[in-house]
Structures are given as structure tokens and as C-alpha cells.
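Each chain is listed here by its residues.
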Amino acid sequence: MKAIIVNAYGGPEVLNVETTQKPTPKANEVLVKIEATSVTRASVMMRTGKPYFGRLFTGISKPKVKIPGTDLAGVVEAVGSEVSQFAVGDKVMAETDLNCGAYAEYICLSEDELIIHRPNNVSAQEATGILDGASTALAFFTDQVTIQPGDKVLINGASGSIGTAAIQFAKHFGAEVTAVCSGKNAALVLGLGADHVLDYTQNELEQNTEQFNVIFDTVGKLSYVKSKKHLTERGVFLTPVLKFSALTTMLLVTTFTKKKLKFAATGLRKQDLRMRDLKQIKEMLANGSLKTVIDKVYSLDEIQAAHKYVDAGHKRGNVIVAIQ
Ligand SMILES: NC(=O)c1ccc[n+]([C@@H]2O[C@H](COP(=O)([O-])OP(=O)(O)OC[C@H]3O[C@@H](n4cnc5c(N)ncnc54)[C@H](OP(=O)(O)O)[C@@H]3O)[C@@H](O)[C@H]2O)c1
């Protein structure tokens, strides 16, 4: 089968198309013919090996896994003798996280992993595209804060993968949503349900005097200290981007102030919580209350160009790799 192989950390040039052995499912595994995968920020981090502490999980001097790719959608082509939840022909979507393996024509997954049936009305590209952003956003909104109807939620980086999903979940939980993005993405975020838009290129948040119950800085560009004036008395500042400054602030403010800062590595959560969220994502995709924003679609042969585009930090929603 065709797959992307990596042998070293580095730029997009470390991603090479090669021919490798098609896997055979074990008794508890399904063989998935992958139709689409996506280029997530996690796959970029795993390619670069930065930040360096991430290498404790991905390999110190070179990547532990040869085939990258953190999520996928496809069709079950074969099942092992002990598989009970899936059958040949089933449409599925899955998150592979640190195990990777999604940049390939085929993958074997145990039926106990984060694999779930894909709704019939959802394409493979839509399914794989939503997984990273939606699972991250939902984890923050279930584990770290509880949004009450009418709460004011500010989402920074609203046009990105996490941001576009976070707008939709915050609306789903009844929040009044203010989205921060550049002017060119204002129509996009309003279309996803945001009530108000602030243009970060015009410093509109700085000039705004409102206070929010939750500030979700999905792209790690805001400072908690500077944002405190925008938080209500018991407001919470959420960030999925791990920085030393945020960690030290988190320890100090958690102890001494009511306005909190919270970070979470959502991919490291317990499997049962992640499966619960995956089921909610599936349900919302099926009933149309969660939509995938697709920016660009590349082929497997164009993987280096796809990574280069994501590296620039300005994708709108999600970047897809169509496989077959
Ligand atoms: N902790 C976790 O569990 C976890 C899980 C997943 C991801 N992450 C991390 O979360 C971060 C976000 O991931 P993502 O996939 O959502 O990112 P992304 O899709 O690559 O974000 C791109 C978007 O960010 C916007 N943006 C860039 N600079 C901005 C600024 N200064 N202010 C506001 N918006 C800005 C861009 O809009 P413009 O083009 O208009 O600039 C673009 O639409 C990454 O660092 C990723 O590693 C963490």
C-alpha cells in the first residue's frame, strides 16, 4: 500500500510517499480502507518534534512511529474473528493520536480504540476533518468548565480547527458567543453561529470593555494576565497551548485568585471520556448541529504542500488529505 513514511523530525520534507506492506487484522482488529485523513496541529508537532518535551511521548531522537496521521475516516474492508461491533462495508471514523498511522491507504485498529461508525450523511472528509477540533473543544467544555445558558463565551482563534468547533459547541450549550478572528473570516464565524465578531488585526478585543464567563484562547495568542480584565469575577481562561508562562501562571492564579487559567492535554484523557465525546460528535454530525469547515483538500502525494500550508498558521478550519 501507499503510505507516508517519516524517519526523522523536521520540516515537511521529512514526509515521503513510499510503498509498504498492507496490514493484516488480528483477531480483535478491523482493517480500514482509509478514504480521508487530515493535517492536524498535532501531526505538525509530531513531525517537528517541537516542543521538545513532546518527544517524551513521540520519541527522543526520531519519531517512534513511521506512519504519521492522527485521525481518519474510511470503510471497513476486513474484520478479525473476535470483532463484534463492526462488519465489512461499515463506514467508520477514528482518532489514532500518538499511535498515528492515518497517512496511509490502510490501517488496522482494535475495536476497543477510538473508532466509531460514521453517520451516512457525513462524508469521509467531513468526518476526519472535524475530529481533532471537535474532540479538543468538547473536552474543554465538559472537563474544564460548565457553560450555563446565557453565559458569555469568547473564542480566540475562532477560524481555526478548534475555534470553528468551539463556536458550535458553545452555541449548543446556550452561550452568547463572541468570536475573535481576522476580518476576512468574519462571515465564516457568523455562519457557524457566533453572535459577535472582533477583528484581532484591528485590536478590537483590547478596545472592548465586556467581561466573559469563559475566554477560550484556542491558538495560544492571548495573555491571561492581559485578558483578566475581560473575565467576570469567577471567569475562566482556557488554553490548549502549553507554554511555560501559562503553567507558572496557572499554579499561582489557581491558588490566589478567583479568575482561573486552565490548560489540558485532551488527547491524554481517559478512553471512556474520549469515547463519550466521540459519540456526542457523531450524534451532532448526524443531526446537522455540528458542521466541518474544510479549507483545502490535498492528495497523499501532496502531503508536503499540505503540511507547509498548515505550518503557516492561517488555515480556516481543517485541511484534508483525500486518499482513495
Ligand atoms: N491541548 C490539547 O489537547 C490540544 C489539542 C489540539 C490542538 N492543540 C493546539 O491548539 C492550537 C490550535 O490548534 P488549531 O488546529 O485550532 O489551530 P489552527 O486551525 O491552525 O489555527 C489557525 C487559525 O488561527 C487564526 N489565528 C492566527 N493567529 C491569530 C491571532 N493572533 N488571533 C486570533 N486568531 C489567530 C488564523 O486566522 P487568520 O488566518 O485570520 O490569522 C487561523 O484561522 C495549536 O497550537 C495546537 O497544537 C492542543
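Each value, and the rule that gives it
Residues numbered from 1 in each chain as written. Predicted model: local features only at pLDDT ≥ 70, side-chain atom pairs only at ≥ 80, totals over all residues. Near = placed C-beta within 6 Å. Helix = DSSP H or I, 4+ residues; strand = E, 2+ residues; numbered from the N terminus. Nonpolar A, V, L, I, M, F, W, Y, C, P; charged D, E, K, R; others polar. Domains from an automatic or database assignment. Pairing = 2+ DSSP bridges. Axes fitted to C-alpha atoms, helices over the stretch in contact; angles between N-to-C directions. Contact = placed C-beta atoms within 7 Å. Left-handed = near helix turned anticlockwise from the far one by under 90°. Parallel < 35°, antiparallel > 145°, perpendicular 65-115°, else oblique. Buried ≥ 20, exposed ≤ 12 C-beta atoms within 10 Å, placed from the backbone.

**Side note on the site of the ligand**
For step 1, the next point in the chain: Taken together, 32 residues lie around the ligand, and Gly 160, Ser 161, Ser 182, Pro 240 and His 314 are the ones closest in.
For step 2, the next point in the chain: Of all the elements in the fold, those that place two or more residues in the shell around the ligand are helix H1 (41-48), helix H3 (124-144), helix H4 (161-172) and strand S9 (176-181).
For step 3, the next point in the chain: Among the residues making up the shell around the ligand, the classes are represented as eleven nonpolar, 16 polar and five charged.
For step 4, the next point in the chain: Of the residues that make up the shell around the ligand, three or more belong to each of domain 1 (2-118 + 293-322) and domain 2 (132-267).

**Quick look at the sheet that holds strand S8 (residues 152-156)**
For step 1, the next point in the chain: What the six strands build is an open sheet, ordered S10-S9-S8-S11-S12-S13; its pairing is parallel. Across the chains shown, the open sheet's two edge strands, defined by having one partner strand only, are strand S10 (196-199) and strand S13 (260-263). When the angles between neighbouring strand axes are averaged without regard to direction, this sheet yields 20°.
For step 2, the next point in the chain: Both S9 and S10 contribute to a ladder of four bridges, which runs parallel. Counted as the bridge partner of Val 180 is Leu 198 from S10.
For step 3, the next point in the chain: Sitting on the sheet, H4 touches S8, S9 and strand S11 (212-217), and the angle it makes with S8 is about 170°.

**Observations regarding the packing of H3 against helix H9 (residues 271-286)**
For step 1, the next point in the chain: Between H3 and H9, whose axes approach to 10 Å, the crossing angle comes to 115°. The two elements H3 and H9 meet at a crossing, and its hand is right-handed. Packed against H3, whose contacting residues are Ile 130, Ala 134, Ser 135, Leu 138, Ala 139 and Thr 142, the element H9 presents Arg 274, Asp 277, Leu 278, Gln 280, Ile 281 and Leu 285 at the interface.
For step 2, the next point in the chain: Class assignment for the residues of the contact of H3 with H9 results in seven nonpolar, three polar and two charged.

**Regarding the packing of H3 against H4**
In helix packing, the relevant descriptors are the interaxial angle and the interaxial distance, both defined with respect to the helix axes.
For step 1, the next point in the chain: Viewed as axis vectors pointing N to C, H3 and H4 meet at an angle of 50°, and their least axial separation amounts to 8 Å. As summarised for this structure, H3 and H4 are arranged oblique, according to the angle between their axes. Classified by chirality, the crossing of H4 by H3 is right-handed. Contact residues: Ile 130, Asp 132, Gly 133, Ala 134, Thr 136, Ala 137, Leu 138 and Phe 141 in H3; Ser 161, Ile 162, Thr 164, Ala 165, Ala 166, Phe 169 and Ala 170 in H4.
For step 2, the next point in the chain: Across the contact of H3 with H4, the residue classes tally to ten nonpolar, four polar and one charged.

**Some thoughts on the pairing of S11**
For step 1, the next point in the chain: In terms of residue burial, S11 counts as a mostly covered element, since six of its six residues are buried.
For step 2, the next point in the chain: Of the strand pairs in this sheet, S11 and strand S12 (residues 231-239) are connected by four bridges, and their pairing is parallel. Opposite Phe 216, over in S12, you have Leu 238 as the bridge partner.

**Things to note about the domain arrangement of the protein**
For step 1, the next point in the chain: As far as domains go, the protein holds domain 1 (2-118 + 293-322) and domain 2 (132-267).
For step 2, the next point in the chain: Between the C-alpha centres of domain 1 and domain 2 there is a distance of 28 Å.
For step 3, the next point in the chain: Taken together, the contact between domain 1 and domain 2 spans twelve residues of the former and ten residues of the latter.
For step 4, the next point in the chain: Of the residues contributing to the side of domain 1 that touches domain 2, the split by class is two nonpolar, five polar and five charged.

**Quick look at the environment of Glu 204**
For step 1, the next point in the chain: Within the secondary structure layout, Glu 204 lies in helix H6 (residues 204-207).
For step 2, the next point in the chain: Distance in space between the C-alpha atoms of Glu 204 and Val 180 is 8.6 Å, their sequence separation being 24 residues.
For step 3, the next point in the chain: Among all residues touching Glu 204, those that are not within four sequence positions of it are Leu 198 and Asp 199.

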